[in-house]
Amino acid sequence: MEPQARILKVLQKVTGKEISPGADESLFVSGLLDSFALTDFVTGLEEEFGVAIPDSDLSARKFDTISKVEAYLAAKA
Amino acid sequence: MAYLRAFGSWLPSRRVSNREVAPLVDATPEWILEVTGIEERRYATDADTIAGIGLLAAQNCLEKAGITAAELGMILVASGSSDRFCPGPASQIAASLGLASTPALDIPVASAGSLMALALAAQLAPKLGRVLVVGAEIMSRRVSLTPEGKNTAILFGDGAGAALVDAEKGFARIADSCLFTDGAAAEILFVRDGHFHMDGSAVILQASRKMPRAINELLTRNRIAATDVEAFLLHQANLNLITRVAAAVKAPRERFFTNIDRYGNTSSASLLIAADEWRQGLASALTGPLVFSAFGAGLNWGALLAVPS
C-alpha cells in the first residue's frame, strides 16, 4: 500500500468516517482534525509506520495535510 | 514515609457563568461548554490576594487535619498568578498562620505547581514532619475578557486548595511520583505583562500525550493496572482532556473525579480543590490506589501515586 493510502487509512480510523480529502487539503480547516484528534492521528501513524514521533514534533503545521504527513514520515524513514 | 492526611479548599462566592463570559469574548455559552466542559467559574473580589485565599484554604486543611500551624515543618505554595513575584505568597501565608521561622517556599508553576509541591513534600516530610502544600490562583486577573483573549478567558477561574503531607499518619501513603520538565516548549504557556498566554492547541497536544505517559510509567513500575486505581485526581484543565487521558490509560472515565464544570480551570489550585471535594465525597475508607496527575507551564508535568495506609 502506498504511503498516502496508509495515511488515509489511519485518518479514517481516527475520524470514524470514510473520507478521502485531497492530498493538500487542510485537515484542520476542513474540520477533520482538531487538537484532540491529532493526538490519536499521530499515535495511529506511529503504529502504522513503526516510527516514534517525538513530542517536540507535535505541531498542527506538520500534520495539516496528507502531503505534509507523507513528507514528514519520509524524512523520518 | 509520607502520608496524605487532609485536604482543604476555598472558593470565591461570585459565580461567573458562560452566559456572562460569552458575549465579552465573542462566543456562545454552548460553545464554551462544548470545548471546555465548563459551565461556570468563580471570580475573586478586588480585595482578595493570592496569600489571602491561600491562607483560607490552608486554615481549612489544618482544621480538617486537627492540627495547628505550629506543628508544621514546612509550607510549599504553588501559584502561577501571584500578585508579587518576589517574595511570593508563601512567606505571607506563613506569617498569617503565626509562623516566624518555619520555612515557606514558593513554587511559581501554573497548573502543575501543586503536583510538584506534593511530590516534593513527600520527599521532605520524613525529615521535616508535616508539610503543608497550598495552591492558590486568581487567574481572572491574568486573562483578558475580550475576543482576543478568548482561549484563556473561557477557561480560568479563581480558588485555592491545600493538602497536608504527614510523616507519620494519614489516609493514604504516598508511594511514588514522577516529575518531568521540558523547557523547549515553554513558549506555549506563559505569563507576560501580567496576562496569561496560551497556545491552546499545542497545550492539548502536549498534555494529551505527556500525562498518560507519566501515569502509565508510574503504574507500570509499581505493577498496578489502571483498572485497579480507585480514583484519578487530575489538574482540572479541560474536561475533554481528562476524558482523553482516561481513554489513553484505559481506565474507566467515571474513576476520574471532575469539578471543572463548576469551577473552571483554577490552574495550580485545581488539583487540590478536586482532591478536597473528592475526599469529602468519599463514602468509606480508601481501598485502592489513588493517582494524581497534572500538566502546566514550563512545561512541567508528572504523576503521583498514593495507596491506602
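Whatever comes next refers back to the structure up there.
Computed from a prediction, not measured in an experiment: that's the story for all the values here.

A. How the structure looks around the overall build of chain A. In terms of helices and strands, chain A carries three helices and zero strands. Listed N to C, the secondary structure of chain A is α-α-α in terms of helices and strands. Relative to its length of 77 residues, chain A is compact, with a C-alpha radius of gyration of 11 Å against a globular reference of 11 Å. The principal-axis extents of the C-alpha atoms in chain A amount to approximately 25 × 25 × 20 Å.

B. Quick look at the overall build of chain B. Along its length, chain B carries ten helices and 14 strands. At 18 Å, chain B has a C-alpha radius of gyration in line with the 19 Å of a compact globule built from 309 residues. For chain B, the spread of C-alpha atoms along the principal axes amounts to about 50 × 45 × 40 Å. Across the 309 residues in chain B, those meeting the buried criterion constitute 56%. A separation threshold of at least 6 residues defines the contact pool for chain B, and within that pool the share at least 24 residues apart is 80%.

C. The packing of helix α1 (residues 18-25) of chain B against helix α2 (residues 29-36) of chain B, seen in detail. Residues and elements named next belong to chain B. It is at 8 Å that the axes of α1 and α2 come closest, and there the two elements cross at 100°. Judged by the angle between their axes, α1 and α2 are roughly perpendicular. The segment α1 lies against α2, with N18, R19, V21 and A22 engaging P29, I32 and L33. Taken together, the residues of the contact of α1 with α2 sort by class into five nonpolar, one polar and one charged.

D. How the structure looks around unusual backbone geometry. All names here are of chain B. Cis geometry marks the peptide bond from C86 to P87, where omega comes out at -5°. Considering the arrangement of structural elements, one finds P87 in the loop between β4 (74-78) and α4 (89-96). Residue G298 is joined to L299 through a cis peptide bond whose omega torsion reads -10°. Positionally, L299 belongs in the loop between β13 (290-296) and β14 (300-308). Of note in this structure, K250 is not a glycine but carries a positive phi near 60°. Within the secondary structure, K250 is located in the loop between α8 (239-249) and β12 (256-257).

E. Here's a closer look at the interface of chain A and chain B. Taken together, the contact pairs eight residues of chain A with ten residues of chain B. Looking at the side of chain A that touches chain B residue by residue, the classes come out as four nonpolar, three polar and one charged.

F. Focus on the pairing of strand β11 (residues 231-234) of chain B. Residues and elements named next belong to chain B. Burial along β11 is two-sided: the face carrying A231 and L233 and the face carrying F232 and L234 are both buried. Relative to β13, β11 runs parallel, the two sharing four bridges. Looking at the pairing, F232 lines up with V291 of β13. Where β11 lies against β12, two bridges are found, and the strand directions are parallel. From the neighbouring strand, L233 faces β12, where its bridge partner is F257. Regarding the hand of the β-α-β motif, the stretch spanning β11, α8 and β12 is right-handed.

G. The arrangement of the sheet that holds β12 of chain B in detail. Residues and elements named next belong to chain B. In space, the ten strands of this open sheet follow the order β5-β4-β6-β7-β1-β8-β14-β13-β11-β12, with mixed pairing throughout. The strands lining the two open edges of the sheet, one partner per strand, are β5 (104-107) and β12. Across the face of the sheet, helix α3 (residues 50-65) comes into contact with β1 (3-10), β4, β6 (130-138) and β7 (158-166) while running at roughly 135° to β1. Contacting β8 (172-181), β13 and β14, helix α7 (residues 200-221) runs over the sheet at an angle of about 35° to β14.

H. Looking closely at helix α10 (residues 270-280) of chain B. Counting buried positions along α10 of chain B yields nine of eleven residues, so the element is predominantly enclosed. Every buried residue of α10 of chain B is accounted for by S270, L271, L272, I273, A274, A275, D276, E277 and R279 of chain B.

I. Representation of the environment of A283 of chain B in the model. Relative to the assigned elements, A283 of chain B resides in the loop between α10 and β13. When the C-alpha positions of A283 of chain B and D193 of chain B are compared, they lie 45 Å apart, and in sequence the two are 90 residues distant.

J. Broad picture of the nonpolar core. Residues and elements named next belong to chain B. By size, the foremost hydrophobic cluster in this structure holds 125 residues, and its most contacted members are V134 and V165. By residue number, the principal contributor to this core is α3, which donates ten residues. In this structure, V134 is in contact with G54, A57, A58, I75, V77, A78, I93, A160 and A162, ignoring residues within four places of it in sequence.

K. Quick peek at the pairing of strand β9 (residues 189-192) of chain B. Residue and element names in this part refer to chain B. Pairing geometry for β9 and strand β10 (residues 195-198), over four bridges, is antiparallel. Looking across to β10, one finds that V191 is bridged to F196. Counting the residues in the hairpin turn of β9 and β10 gives two residues, including D193, whose phi is positive at 55°.

L. Representation of the environment of T243 of chain B in the model. Summarising the element assignment, T243 of chain B is placed in helix α8. Through-space distance from the C-alpha of T243 of chain B to that of F256 of chain B is 8.3 Å; in sequence the pair is 13 residues apart.

How each quantity is defined
- Residues numbered from 1 in each chain as written.
- Chains lettered and ligands numbered in written order.
- Predicted model: local features only at pLDDT ≥ 70, side-chain atom pairs only at ≥ 80, totals over all residues.
- Helix = DSSP H or I, 4+ residues; strand = E, 2+ residues; numbered from the N terminus.
- Rg over C-alpha atoms; globule rule 2.2 N^0.38 Å.
- Buried ≥ 20, exposed ≤ 12 C-beta atoms within 10 Å, placed from the backbone.
- Contact = placed C-beta atoms within 7 Å.
- Axes fitted to C-alpha atoms, helices over the stretch in contact; angles between N-to-C directions.
- Parallel < 35°, antiparallel > 145°, perpendicular 65-115°, else oblique.
- Nonpolar A, V, L, I, M, F, W, Y, C, P; charged D, E, K, R; others polar.
- Pairing = 2+ DSSP bridges.
- Right-handed = clockwise from strand over helix to strand, strands pointing away.
- Core = buried A, V, L, I, M, F, W, Y, C linked by C-beta atoms within 7 Å.

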